[in-house]
Amino acid sequence: MTNTTKQDRVLIFDTTLRDGEQSPGATMTHDEKIEIAEMLDDMGVDIIEAGFPIASEGDFKAVSEIAERSKNSRICGLARANFTDIDRCWEAIKHAEQSRIHTFIGTSELHRAIPNLTMDEMADKIHETVSHARNLCENVQWSPMDATRTEWDYLCRVVEIAIKAGATTINIPDTVGYTAPDESADLIRNLITTVPGADEVVFATHCHNDLGMATANSLAAVAGGARQIECTINGLGERAGNTALEEVVMALKTRNDIMPWHTGIDTTKIMAISRRVATVSGFPVQFNKAIVGKNAFAHESGIHQDGMLKNRENFEIMLPEDVGLSGTSLPLGKHSGRAALRDKLEHLGFDVGDNQLKDVFVRFKDLADRKKEVFDDDIIALMRTGEDAENDRLKLVTLRVACGTGGPAEATMVMSVDGENKTAICQGDGPVDAAFNAVREVHPNKAHLQLYQVHAVTEGTDAQATVSVRLEEDGNIATGQSADTDTVVASAKAYIHALNRLMVRRGKMGEGADNREINWKDVT
Ligand code: KIV
Ligand code: ZN
């Protein structure tokens, strides 16, 4: 493939499982990574960056299994600029039908100072490592990390070296989200016209969102000749995140008149994967997030509703159906049966087996008994909770809380620990604090509460609350979620869910799994 602007196909390189997962607190379990990779493969992602195989035994296993199971996508692993990383990466991806080694090194003055390499020494290292990767794999991507702050002459020099050493894709990362659209387009355009051999490779753009310009910068890079966009679902990623896949894909689809490029993404799968990534990462999508936010297609103000009724194009530039939002949203109730629930789940993009349906149906009935109407968002919240339940070592059995004016709140809790019921009565500064104290009394732990977040799923005082709890213990981070019409019950369950996940993580760490051993500053 060449980079002439005549070519209209833009490759989508998804790095939710690598750059996205690198975001503190967004760690996913092995099974969750496999599931997300399957969804990415199924929606038409061209390249999946499945992880960083040298980082841990857990990352290696996840990348290997994703490589073995991939059907359509090319599977890529990340490696720093050394032979050990590259060999380990190749071991993990070599069984994929189509594989890619992605190797990188920080080339800006600031990044060169970390390994303390001169420009010449770094240039030699790039030649050696890219050549080594190319001897293993016919498809090699090379990235000069912090490219947008690298001296122009040096950037041209190292890109040329990487191409000569056999790189097939050159990725230009805006690692700290520093560039702006015009600059992003010019950088790619100038590299393509200046560097010998540039027309033999694909240029990619990899933007971070620190100034909120990642989507604009990525699209500008395409205008400048890039033919691969690196992105993540929901824009997940370190700090302010990466370019959001759903934004660039829908922008190219909606404004094809001025951006005449297309992707291979089945856009109707966007909502389902967005919800799944939000659930497994524990990073909720902000309500007004473009494309996938709860309000992205909601028209509440009187003027907007009136305009919409007259002609939906007045306020809608995309069809909700195009991103996989169901057109109808009739609520279910306590008389709705299993078939209606299955139908609703399918509409919402959830593919459930018979066993899972049985489990969700029990929880749906329980909810419908307490709530007159069960809306789509209630069903989505149900699907987000109750996972791992069978294997959980800690379970909430009962919880009563006395609270209000005139004294501290008091929680009486029965919790099952490895099948044995234990009771605690604890006071606290409010009902949630009392309930959390009771959990700690039954199951003493030194996990530090990093995040406690409550959202009302729908309107009304009988609305369910979804609660997210993020815990940290000895560098391990786990997120728990739950939903209930009782906010305190949802909070206690989310806390217990996070503790269960933390125990799994701790257990795996014993074998060296899921423990990030990589120091990201040590990138040579
Ligand atoms: O942001 C960045 O520079 C990266 C590289 C590893 C490509 O994620
Ligand atoms: Zn990045």
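See the structure printed just above.
Residues numbered from 1 in each chain as written. Chains lettered and ligands numbered in written order. Predicted model: local features only at pLDDT ≥ 70, side-chain atom pairs only at ≥ 80, totals over all residues. Heavy atoms only, no water.

Draft legend 1. Layout of the coordination of the zinc ion (ligand 2). Protein-derived ligands of the zinc ion (ligand 2) are Asp19 (OD), His206 (NE2) and His208 (NE2), with the metal-ligand distances lying across 2.0 to 2.1 Å. Spacing between the donor residues of the zinc ion (ligand 2) along the chain follows D-x186-H-x1-H. For histidine 206, a relative accessible area of 5% puts it in the buried group. (Donors = N, O, S within 2.8 Å, 3.2 Å for Na, K, Ca; no water. Buried < 20%, exposed > 50% of the residue type's maximum accessible area, 1.4 Å probe, protein only.)

Draft legend 2. Here's a closer look at the pattern of salt bridges. Under the criterion given, the structure shown has 31 salt bridges. The salt bridge involving aspartate 46 is made with arginine 9; its shortest N-O contact spans 2.9 Å. One end of the pair, aspartate 46, is in the loop between helix H2 (30-43) and strand E2 (47-51); the other, arginine 9, is in the segment before strand E1 (11-14), and 37 residues separate them in sequence. For aspartate 359, the salt bridge is made with arginine 363, and the minimal N-O distance between the two is 3.3 Å. A residue pair is termed a helical-turn pair when its members lie 3 or 4 positions apart in one helix, as aspartate 359 and arginine 363 do in helix H14 (residues 354-370) at 4 residues. (Salt bridge = Lys/Arg side-chain N within 4 Å of Asp/Glu carboxyl O. Helix = DSSP H or I, 4+ residues; strand = E, 2+ residues; numbered from the N terminus.)

Draft legend 3. Fine view of unusual backbone geometry. For asparagine 116, which is not a glycine, the phi torsion comes out positive at approximately 60°. Since its relative accessible area comes to 64%, asparagine 116 is described here as exposed. Positive phi, close to 50°, is recorded for arginine 239, a residue that is not glycine. Relative to the helices and strands, arginine 239 resides in the loop between strand E8 (228-231) and helix H10 (245-254).

Draft legend 4. Broad picture of the sheet that holds strand E12 (residues 448-456). The antiparallel open sheet is built from 3 strands, whose spatial order is E12-E13-E14. The two strands at the open ends of the sheet, each matched to only one other strand, are E12 and strand E14 (476-484). Across the sheet, the mean angle from the axis of one strand to that of its neighbour is 15°, orientation sign disregarded. As paired elements, strand E13 (residues 465-473) and E14 share 9 bridges and run antiparallel to each other. Paired with valine 467 across the bridge in E14 is serine 482. (Pairing = 2+ DSSP bridges. Axes fitted to C-alpha atoms, helices over the stretch in contact; angles between N-to-C directions.)

Draft legend 5. Region of interest: a nonpolar patch on the surface. Taken together, the side chains of Leu449, Tyr452 and Val454 make up a nonpolar region of the molecular surface, amounting to roughly 220 Å² of accessible area. Assignment of secondary structure puts tyrosine 452 in strand E12. We classify tyrosine 452 as partly exposed; its relative accessible area is 32%. (Patch = residues over 30% accessible without salt bridge, like charges linked within 9 Å, V, L, I, M, F, W, Y side chains within 5 Å. Areas by Shrake-Rupley, 256 points an atom, 1.4 Å probe, with all protein chains shown as cover.)

Draft legend 6. Fine view of the nonpolar core. Judged by nonpolar contacts, the single largest core of 84 residues is most densely connected at Trp142, Val159, Ile170 and Phe203. At 9 residues, the largest contribution of residues to this core is made by helix H7 (residues 152-165). Residues Ala409, Ala411, Phe436 and Ala490 belong to the second largest nonpolar core, which totals 32 residues. (Core = buried A, V, L, I, M, F, W, Y, C linked by side-chain atoms within 4.5 Å.)

Draft legend 7. Quick look at the packing of helix H6 (residues 119-136) against H7. In the contact formed by H6 and H7, the axes pass within 8 Å of each other and the chain directions differ by 25°. In terms of orientation, H6 and H7 fall into the roughly parallel class. Crossing of H6 against H7: the hand is right-handed. Each of Met119, Asp120, Met122, Ala123, Ile126, His127, Val130, Ser131 and Arg134 in H6 lies in contact with H7, whose residues at this interface are Tyr154, Arg157, Val158, Ile161, Ala162 and Ala165. Its residues assigned to classes, the contact of H6 with H7 shows 10 nonpolar, 2 polar and 3 charged. (Parallel < 35°, antiparallel > 145°, perpendicular 65-115°, else oblique. Left-handed = near helix turned anticlockwise from the far one by under 90°. Contact = heavy atoms within 4.5 Å. Nonpolar A, V, L, I, M, F, W, Y, C, P; charged D, E, K, R; others polar.)

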